[in-house]
Amino acid sequence: MQGDPLVRRLFPDSRAEEEAYFASSSIFPIMHTVAIRRDAYEANRWIARNLTLALNKAKNRSVARLFDVTASAVPVPWAVDHARQASGGLVFKDGEPWPYGVESNRRTLDAFLRFAFEQGVRHRRMEAEESFAPEALAEIKV
């Protein structure tokens with residue numbers, strides 16, 4: 001399926017460029033962010049933690065489907081092998097695909113925040129922890 005011809009990748013071999021950048025920096029590009037409207041968060045501060053837990057559970061279920069060899073979730077040859085290669089150390093060194101949290105992503109978050117400041121998107125440098133609601137960072141042990 002072809003989209004708008006005016007929208008294209010910056011580099012013809014984007015995977016090679018991303019792999020080279022990752023090899024030199026240990027930074028893998030951020031793909032998505034989630035935001036909560038301040039008024040909703042302030043009225044219901046539990047939303048941040050519940051949203052974090054729900055998104056993590058959804059990610060884990062998605063990854064489990066990706067690794068399920070009995071019913072391919074991706075109609076691409078060797079998709080499970082590609083996923084195992086990435087999770088086995090090529091990209092995700094601890095074996096967890098797309099880890100959540102500040103510490104697991106500190107290098108990438110610090111670079112993102114530095115670039116945002118240097119490029120004038122932010123008026124000051126921020127610390128990674130400032131980008132997250134405290135409730136989203138909290139570890140809950142039961």
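Look a little higher up for the structure.
Residues numbered from 1 in each chain as written. Predicted model: local features only at pLDDT ≥ 70, side-chain atom pairs only at ≥ 80, totals over all residues. Heavy atoms only, no water.

Another point: the overall build of the chain. A tally of regular secondary structure across the chain gives six helices and zero strands. Expressed along its principal axes, the backbone C-alpha trace of the chain runs to roughly 45 × 40 × 35 Å. Out of the 142 residues belonging to the chain, those deemed buried represent 20%. Counting contacts in the chain only where the partners sit at least 6 residues apart, residues at least 24 apart contribute 51% of the total. (Helix = DSSP H or I, 4+ residues; strand = E, 2+ residues; numbered from the N terminus. Buried < 20%, exposed > 50% of the residue type's maximum accessible area, 1.4 Å probe, protein only. Contact = heavy atoms within 4.5 Å.)

Turning next to the packing of aromatic side chains. Each aromatic ring pair is characterised by the separation of its centres together with the angle its planes make. Evaluated as defined, the whole model comprises zero aromatic pairs. The ring of Y100 has K59 lying over it, and the distance from NZ or CZ to the ring centre is 4.6 Å. (Phe/Tyr/Trp six-rings, centres within 6.5 Å; stacked < 30°, edge-to-face > 60°. Lys NZ or Arg CZ within 6 Å of the ring centre and 35° of its normal.)

Take the environment of A111 next. Assignment of secondary structure puts A111 in helix α5 (residues 106–118). With relative accessibility at 3%, the residue A111 sits in the buried group. Sequence separation between A111 and I27 is 84 residues, and the spatial gap between their C-alpha atoms is 8.2 Å.

With that settled, the discussion passes to the nonpolar core. A general trend in soluble globular proteins is that nonpolar side chains are found buried together. Judged by nonpolar contacts, V102, L109, L113, M126 and A128 together constitute the single largest core of five residues. Residues contacting V102, with those up to four places away along its chain left out, are L109, A128, E129, F132 and L137. (Core = buried A, V, L, I, M, F, W, Y, C linked by side-chain atoms within 4.5 Å.)

Bringing α5 into the picture now. Look at α5: 18 Å from first C-alpha to last across 13 residues, which is about the 18 Å you get at 1.5 Å a residue. Among the residues of α5, T108, L109, A111, L113 and A116 are the ones counted as buried. Just downstream of α5, G120 is the residue with a positive phi angle, here 80°. (Expected span 1.5 Å × (residues − 1).)

Mapped onto the fold, D94 is located in the loop between α4 (79–90) and α5. For D94, a relative accessible area of 56% corresponds to the exposed category. Along the primary structure D94 and R45 are separated by 49 residues, whereas in three dimensions their C-alpha atoms are 31 Å apart.

Let us look at unusual backbone geometry. Despite not being glycine, S26 shows a phi value in the positive range, around 60°. Locating S26 in the fold gives a position in the loop between α1 (14–25) and α2 (38–43). Given the relative accessible area of 37%, S26 is considered partly exposed. We note that W78 has phi near 65°; this positive angle belongs to a residue other than glycine. When you line up the elements, W78 lands in the loop between α3 (46–67) and α4. Residue W78 is classed as exposed on the basis of its relative accessible area, which comes to 63%.

Geometry only, nothing functional implied.
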